[in-house]
Amino acid sequence: MPPATHQGPAHPRNAKSINRKSGRNRVSSSMTAGKSFEISKREVWEAYQRVLANKGASGSDGQSLDEFQIDLKGNLYKIWNRMSAGSYFPPSVRAVEIPKSTGGVRVLGVPTVADRVAQTVVARRLEAVVVEPKFHADSYGYRPGRSALDAVEVTRRRCWSSDWVLDLDIRSFFDTVDHDLLIRAVEANTDAAWVVLYVKRWLSAPLALPDGTLQARDRGTPQGSSVSPVLANLFLHYAFDAWMDREHPGVAFARYVDDVVVHAASQRHAEQLRASIAARMVEVGLELHPDKTRIVYCRDDRRRGGHEHISFTFLGYEFRTRMAKARSGSIFFSFLPAVSRAALTVMGRRVRSWRIHRQTGGSAADLARWMNPIIRGWMNYYGRFRRSALSPLLLRINTYLVRWARRKYKGLRAHRRLRAWWDRFIAANPTGFAHWQWMRHYLLPG
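Residues numbered from 1 in each chain as written. Predicted model: local features only at pLDDT ≥ 70, side-chain atom pairs only at ≥ 80, totals over all residues. Heavy atoms only, no water.

Peer 1: Help me understand the overall build of the chain in this model?
Peer 2: Helix and strand counts for the chain stand at 15 helices and 11 strands. A burial count over the chain gives 48% of its 446 residues as buried. Here the analysis covers contacts within the chain between residues at least 6 apart in sequence; of these, 69% occur between residues at least 24 apart. Of the roughly 22100 Å² of accessible surface on the chain, 50% is carried by carbon and sulfur atoms. (Helix = DSSP H or I, 4+ residues; strand = E, 2+ residues; numbered from the N terminus. Buried < 20%, exposed > 50% of the residue type's maximum accessible area, 1.4 Å probe, protein only. Contact = heavy atoms within 4.5 Å. Areas by Shrake-Rupley, 256 points an atom, 1.4 Å probe, with all protein chains shown as cover.)

Structure follows, in structure tokens:
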């Protein structure tokens with residue numbers, strides 16, 4: 001935990017002097033003269049490269065990434081030219097309803113491809129040049145050199161030493177964040193007028209609803225846009241991180257954008273923190289969800305008390321009492337993270353949507369080519385802690401592969417023939433599918 005004297009982003013009173021002193025807002029000599037704002041073409045190109053890597057759906061104009069690339073040079077020049085001249089106005093953001101694993105829907109905002117590039121220009125300037133060096137040590141979201149897994153790891157260690165956790169849920173954060181306070185936070189951390197200008201325009205861009213109507217916005221920043229995460233980080237630095245250092249020095253927490261857990265020494269301490277943080281959220285125009293914000297007891301072999309809540313989910317990992325093996329070989333109970341049931345359900349639905357058994361027109365190598373990057377991503381993230389919890393999902397993938405083989409090769413209907421073929425297939429392609437490296441002992445289901 002950083003000391004109580006930790007300094008966050010500059011206060012509005014001294015932001016300009018700090019930025020001038022550091023020289024961080026100086027722009028390279030590659031800028032083109034005669035423009036209102038100094039934005040380099042390289043910044044736009046690098047922003048496009050990030051958008052290309054992230055892929056994503058088309059926005060309200062219906063233009064896909066492939067279609068954008070048909071006239072890539074012209075489209076990127078248009079973005080640079082308009083942003084540099086101050087004449088870039090973002091189009092509406094397409095609203096997409098995504099079902100929640102707990103019921104209901106979450107509305108994501110999908111900007112156009114061109115707007116994602118423009119937003120990424122601003123996001124990169126904010127996160128890498130102005131804001132990033134000043135974030136709190138316990139903030140992990142969308143920061144270079146930090147990840148969600150780092151937040152899970154530090155939370156795992158702290159749960160061993162702190163008996164109680166306050167699992168915070170900020171109600172509809174991305175839909176309700178206050179625009180004026182958010183803009184003030186941006187202004188306090190940059191002298192680049194164009195950054196502030198475009199943040200204001202993006203915040204006020206309307207949502208294009210599925211029925212075709214446009215919904216004006218006076219609060220919130222669309223979840224799913226390229227610039228929203230860094231804006232959320234900046235807002236919550238002031239609203240939560242820096243405030244925690246002032247009001248509750250020494251209290252450890254981990255925050256990944258709006259997902260936060262706070263550690264407490266006792267149940268009473270956790271209750272006091274919940275009341276204090278709830279009041280703070282009201283001050284900044286937010287609200288803790290009364291049902292989803294919970295006090296959790298970290299129960300294990302040493303801590304055998306009872307409480308209503310003895311588990312919580314953080315960043316796709318469920319923390320609860322689990323069996324563990326000591327180096328001596330003895331079994332004990334510890335408070336540990338593993339992939340959550342909700343995450344397993346979401347991944348299982350995606351695997352089912354692939355309809356692997358119907359992809360008989362291609363080869364196994366074709367299947368592996370498009371499946372492996374996704375499976376490997378799941379393994380790298382959800383397999384970091386207690387990877388055996390992923391076994392049901394990985395075995396399910398094998399089940400679909402077996403169905404694919406039986407449907408493609410009619411002679412494999414008999415289990416004996418299937419077993420012989422499968423063994424030969426594995427011997428010839430031991431690393432054919434990414435998940436096989438973890439489950440060699442039961443490759444064939446059934």
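Past the structure itself, the notes keep going.
Peer 1: Can you walk me through a positive patch on the surface in this structure?
Peer 2: Taken together, Arg 352, Arg 355, Arg 358, Arg 396, Arg 403, Arg 407, Lys 410 and Arg 413 make up a surface patch of like positive charges. Counting residues per element, the positive patch draws most heavily on helix 14 (residues 391–408), which supplies 3 residues. Checked against the element boundaries, Arg 413 lands in the loop between helix 14 and helix 15 (415–428). (Patch = residues over 30% accessible without salt bridge, like charges linked within 9 Å, V, L, I, M, F, W, Y side chains within 5 Å. Salt bridge = Lys/Arg side-chain N within 4 Å of Asp/Glu carboxyl O. Lys, Arg positive; Asp, Glu negative; His and termini not counted. Charge placed at Lys NZ, Arg CZ, Asp CG, Glu CD.)

Peer 1: What is the right way to look at the sheet that holds strand 11 (residues 331–339) in this model?
Peer 2: Whenever strands of a sheet pair, they do so through backbone hydrogen bonds, lying parallel or antiparallel. Taking strand neighbours across the sheet as the criterion, the 3 strands line up as 9-10-11 in an open arrangement whose pairing is antiparallel. Bordering the open sheet on either side are strand 9 (312–314) and strand 11, each of which pairs with just one other strand. When strand polarity is set aside, the average angle formed by the axes of neighbouring strands in this sheet is 50°. The pairing of strand 9 with strand 10 (residues 317–325) spans 3 bridges and is antiparallel. Bridged to Thr 313 within strand 10 is Glu 318. (Pairing = 2+ DSSP bridges. Axes fitted to C-alpha atoms, helices over the stretch in contact; angles between N-to-C directions.)

Peer 1: How should I be thinking about the sheet that holds strand 1 (residues 93–99) in this particular structure?
Peer 2: An order of 2-1-4-5 is seen for the 4 strands of this open sheet, with the pairing classed as mixed. The sheet terminates laterally at strand 2 (105–110) and strand 5 (214–215), the two strands that pair on one side only. The pairing of strand 1 with strand 2 spans 6 bridges and is classified as antiparallel. Considered in strand 2, the bridge of Ala 95 is made with Gly 109.

Peer 1: Can you help me understand a nonpolar patch on the surface in this one?
Peer 2: Residues Met 323, Ile 331 and Phe 333 make up a contiguous nonpolar surface patch of about 310 Å² in total accessible area. One can find Ile 331 in strand 11.

Peer 1: Explanation requested: helix 8 (residues 179–187) in the structure shown.
Peer 2: Owing to its 3.6 residues per turn, the α-helix aligns residues three or four sequence positions apart on the same side. Listed as buried for helix 8 are His 179, Leu 182, Ile 183, Ala 185 and Val 186. Across the axial projection of helix 8, the buried residues extend over an arc of 155°, all falling on one side. Residues Asp 180 and Arg 184 are exposed on helix 8 and point more than 90 degrees away from its buried face. Its side-chain oxygen placed 3.0 Å from the backbone nitrogen of Asp 180, Asp 178 serves as the N-cap of helix 8. (Arc of directions from axis to C-beta. Polar contact = N/O pair within 3.5 Å; in protein donor to acceptor, adjacent residues only side chain to side chain.)

Peer 1: Any chance you could explain the confidence of the model for the chain here in plain terms?
Peer 2: Any residue range with low pLDDT should be treated as having predicted coordinates unsuitable for detailed reading. Confidence along the chain averages 86 in pLDDT terms, with 89% of residues attaining 70 or more. Per-element confidence in the chain ranges from a low mean pLDDT of 32 for helix 1 (residues 15–22) to a high of 98 for strand 8 (residues 294–297). In this model, residues 1–31 is a region of pLDDT below 50 whose contacts with residues beyond four sequence positions or in other chains number 63 contacts. (pLDDT = per-residue confidence, 0-100.)

Peer 1: When you look at the side chain of Asp 167 in this model, what are you seeing that I'm missing?
Peer 2: Relative to the assigned elements, Asp 167 resides in strand 3 (residues 164–169). Of the side chains with opposite charge, Arg 294 comes closest to the buried, unpaired Asp 167, at an N-O distance of 4.6 Å. Not counting residues within four places of it along the chain, the set of residues in contact with Asp 167 comprises Val 260, Val 261, Lys 292, Thr 293, Arg 294, Phe 312 and Thr 313.

Peer 1: Explain unusual backbone geometry to me, please; I cannot follow it from the model alone.
Peer 2: What you tend to see is this: most non-glycine residues have negative phi, and most peptide bonds are trans. Look at Leu 315: it is not a glycine, yet its phi comes out positive at around 55°. Following the sequence through the fold, Leu 315 ends up in the loop between strand 9 and strand 10. Not every positive phi belongs to a glycine, and Arg 386 is a case in point at roughly 50°. Within the fold, Arg 386 resides in the loop between helix 13 (364–382) and helix 14.

Peer 1: Explain the packing of helix 14 against helix 15 to me, please; I cannot follow it from the model alone.
Peer 2: Pairs of packed helices are described in terms of their axes, by the angle between the two and the distance that separates them. At their nearest, the axes of helix 14 and helix 15 sit 11 Å apart, and the two run at 110° to each other. In terms of their interaxial angle, helix 14 and helix 15 are classed as roughly perpendicular. Between helix 14 and helix 15, the residues in contact are Asn 398, Leu 401, Val 402, Trp 404, Ala 405 and Arg 406 and His 415, Leu 418, Trp 421 and Trp 422, respectively. Its residues placed into classes, the contact of helix 14 with helix 15 shows 7 nonpolar, 2 polar and 1 charged. (Parallel < 35°, antiparallel > 145°, perpendicular 65-115°, else oblique. Nonpolar A, V, L, I, M, F, W, Y, C, P; charged D, E, K, R; others polar.)

Peer 1: Even after reading the chapter, I still don't get the pattern of salt bridges, so can you show me in this structure?
Peer 2: Two side chains of opposite charge can pair, provided their charged atoms sit close to one another. For the structure shown, the criterion picks out 17 salt bridges. Its salt-bridge partner being Arg 157, residue Glu 153 comes within 3.2 Å of it at the nearest N-O pair. One end of the pair, Glu 153, and the other, Arg 157, are both in helix 6 (residues 148–161), 4 residues apart, so they sit about a helical turn from each other. The residue Arg 302 makes a salt bridge to Asp 300 at a minimum N-O spacing of 3.8 Å. In this structure, a network of salt bridges that share partners links the residues Asp 163, Asp 300, Arg 302 and Arg 303.

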